[in-house]
Amino acid sequence: MKIIHCADLHLDSKIESNLPPAKSRERKKEIIMAFCKMADFAVSVKATAVIIAGDLFDTDRMLPATRDIILGKINDCKAVDFLYLCGNHDAGKALAEYDLPENLKLFSDNWKTYSYGSVNITGVELTEENCRHIYGGLSLSEGVFNIVTMHGEIGTASGVDAVNRSELNDKGIDYLALGHYHSFNSGSLGKNGVWAYAGCLEGRGFDECGDKGFIELDIAEDLSFSYEFHKNSIRDIVEIECDVSGLQDTSDMLKLIDRNTLSIDRNAMLKVTLKGGLLAEVIKDLEYLKKHLNERFWFAKIKDKTYIDILPENYMNDISLKGEFIRLVMASELSEERKSRVIECGLSALGGQEVQ
């Protein structure tokens, strides 16, 4: 028997902190498409069920268009049950107001089990009222493969955003399907069980880089099992650092960035962080670098973490306005980081460049 485990789609998330409005709208649609792509995979491998381990939606509201697409897709996949557990962001409880497909099953704030022959899938939604006493009410059947699904950070804490592993170790859980953490991760649980985060189907920002997708769980007739992470993302999110120390100008920086991004898919969402020390005379045109990258990739941004590498002795006898300016800044009580920034802005202004 095959079970698909996914979580944390955060449908209808604003995705506005990095992307301009048009790109943000496109990205929102891609996250919906990622769900549909995963559902098609479940049908293709004849999965019995898809576990959605929380945060299908990003807030307590859902856009009607998004709701209709998701429910329509679930309804089209009639051979697969979709078991939906609400997370800490979810609008899932609002779904109860609508006519739901027969193959969409919901969990609640009490333990609930769905049985599929020799496989039981049990889950509970954590609330402020139940989170500290809910574990005592979990009772699992023997002689079957027990999947439990919850949403929270696994550890030793108890709370509405926490899953207490020590309370679950001796419960006979074979596979603990978790949501909340946005990258694939897994570990041991009790004597023979495992816990696993599927991560999110699509990253939304540069804090969610890396492969994104879902887990395919394969349970044999003798109740032995294996699980495999499947990359499902439509678009990669990539962040790299480029050390530009000692480079002479924007052209040199551009060549370095191009070399370091050769292997990155042009459809990626890319962030390049520049670091290292530059001589005061070096002019870097960040807007030009950004424009160049946005012609190569779906979206790109530049973060500047360089600093001005000042050798005070080079300016001790410089009688120019630039020398006087640098000596004044270096003698000030500003932090080293602030001195570097002030000198950079001042030299750009003195050189007729736009201050960024």
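Residues numbered from 1 in each chain as written. Predicted model: local features only at pLDDT ≥ 70, side-chain atom pairs only at ≥ 80, totals over all residues. Heavy atoms only, no water.

Draft legend 1. A negative patch on the surface, seen in detail. A cluster of acidic side chains, namely Asp 109, Glu 128, Glu 129, Glu 153 and Asp 161, defines a negative patch on the protein surface. Locating Glu 129 in the fold gives a position in the loop between strand S6 (119–123) and strand S7 (145–151). (Patch = residues over 30% accessible without salt bridge, like charges linked within 9 Å, V, L, I, M, F, W, Y side chains within 5 Å. Areas by Shrake-Rupley, 256 points an atom, 1.4 Å probe, with all protein chains shown as cover. Salt bridge = Lys/Arg side-chain N within 4 Å of Asp/Glu carboxyl O. Lys, Arg positive; Asp, Glu negative; His and termini not counted. Charge placed at Lys NZ, Arg CZ, Asp CG, Glu CD. Helix = DSSP H or I, 4+ residues; strand = E, 2+ residues; numbered from the N terminus.)

Draft legend 2. Layout of helix H3 (residues 250–260). Of all the residues in H3, the buried ones are Thr 250, Met 253, Leu 254, Leu 256 and Ile 257. Buried residues in H3, looked at end-on, bunch into an arc of 165 degrees, giving them a common side. On its buried face, H3 is in contact with strand S15 (237–243), strand S16 (269–278), helix H4 (286–296) and strand S17 (299–308). At the N-terminal boundary of H3, the capping side chain belongs to Asp 249, with an oxygen 3.2 Å from the backbone nitrogen of Ser 251. (Buried < 20%, exposed > 50% of the residue type's maximum accessible area, 1.4 Å probe, protein only. Arc of directions from axis to C-beta. Contact = heavy atoms within 4.5 Å. Polar contact = N/O pair within 3.5 Å; in protein donor to acceptor, adjacent residues only side chain to side chain.)

Draft legend 3. Structural context of empty space enclosed by the protein. According to the stated counting rule, one finds 1 cavity of 30 Å³ or more in the structure shown. Its boundaries defined by the atoms lining it, the largest cavity holds a volume of some 40 Å³. (1 Å grid on protein atoms, 1.4 Å probe; cavity = no way out; pocket = protein on both sides within 12 Å on 5 of 7 lines; lining within 4 Å. Points joined across faces, edges and corners; volume = space filled by probe spheres on them.)

Draft legend 4. Region of the structure containing the nonpolar core. Counting 36 residues, the largest nonpolar core has Phe 35, Val 50, Leu 56 and Phe 82 as its most contacted members. Residue assignment for this core shows that the elements contributing at least two residues are strand S1 (2–6), helix H1 (21–44), strand S2 (49–53), helix H2 (64–76) and strand S3 (81–85). By size, the runner-up hydrophobic cluster in this structure holds 22 residues, among which are Tyr 116, Val 119, Ala 198 and Ile 219. (Core = buried A, V, L, I, M, F, W, Y, C linked by side-chain atoms within 4.5 Å.)

Draft legend 5. Examining the layout of surface pockets more closely. Each pocket or cavity is described by its volume, and for the second largest pocket that value is around 150 Å³. In terms of lining, the second largest pocket is formed by Asn 169, Asp 170, Lys 171, Gly 172, Ile 173, Asp 174, Leu 189, Gly 190, Lys 191, Asn 192 and Gly 193. Residues belonging to the lining of the second largest pocket are distributed by class as follows: 2 nonpolar, 5 polar and 4 charged. (Nonpolar A, V, L, I, M, F, W, Y, C, P; charged D, E, K, R; others polar.)

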